[in-house]
Amino acid sequence: FGVSKVPLRPLIHVGASIGERVPVWDIRDKFGDTNLLVVNMEQGRDLAASIGGGRAALMRGHGCVVTGKAVKEAVLTA
């Protein structure tokens, strides 16, 4: 989903906590060709901004990031 035009959307009730849509964050948009890793605060803030009010984002070509108020919440969301 992170490299396709098809959006990832929650389909069952336990997926509702991730938000209505799962954004795809592409590090190339602001930081050019990199190793796809978030390695500084500027990149981290940009990734966090892409999540917005949701709890997850796909990182194009790399994987996903999930948030929560505590580690347990993030793990359950993942």
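What counts and what doesn't
- Residues numbered from 1 in each chain as written.
- Predicted model: local features only at pLDDT ≥ 70, side-chain atom pairs only at ≥ 80, totals over all residues.
- Heavy atoms only, no water.
- Buried < 20%, exposed > 50% of the residue type's maximum accessible area, 1.4 Å probe, protein only.
- Helix = DSSP H or I, 4+ residues; strand = E, 2+ residues; numbered from the N terminus.
- Pairing = 2+ DSSP bridges.
- Salt bridge = Lys/Arg side-chain N within 4 Å of Asp/Glu carboxyl O.

Asker: Any chance you could explain the pairing of strand β2 (residues 56–59) here in plain terms?
Answerer: Put simply, side chains in a regular strand alternate between the two faces of the sheet. Residues Ala 56 and Leu 58 of β2 are buried on one face, and the alternating residues Ala 57 and Met 59, pointing to the opposite face, are buried as well. The pairing of strand β1 (residues 24–25) with β2 spans two bridges and is classified as parallel. Residue pairing in the sheet places Val 24 in a bridge with Leu 58 of β2. Note: β2 against strand β3 (residues 63–66), four bridges, orientation antiparallel. Following the sheet pairing, Leu 58 is matched in β3 by Cys 64. Linkage of β2 to β3, two consecutive antiparallel strands, is achieved through a turn of three residues, within which Gly 61 is found at a positive phi near 75°.

Asker: Any chance you could explain the pattern of salt bridges here in plain terms?
Answerer: Opposite charge on two side chains lets them pair, provided their charged atoms get close. As enumerated under the stated definition, the model contains four salt bridges in all. Residues Arg 60 and Asp 26 are paired through a salt bridge, measuring 3.0 Å at the closest nitrogen-oxygen approach. Of this pair, Arg 60 sits in the loop between β2 and β3 while Asp 26 is found in the loop between β1 and α1 (28–31), placing the two residues 34 residues apart along the sequence. Like Arg 60, the residue Asp 26 is buried in the burial classification. Here Asp 46 ties to Lys 30 by a salt bridge, and the two come within 2.8 Å at their closest N and O atoms. Linking Asp 46 in helix α2 (residues 41–51) with Lys 30 in helix α1, this pair joins segments that are 16 residues apart in sequence. Given a relative accessible area of 60%, Lys 30 falls into the exposed group.

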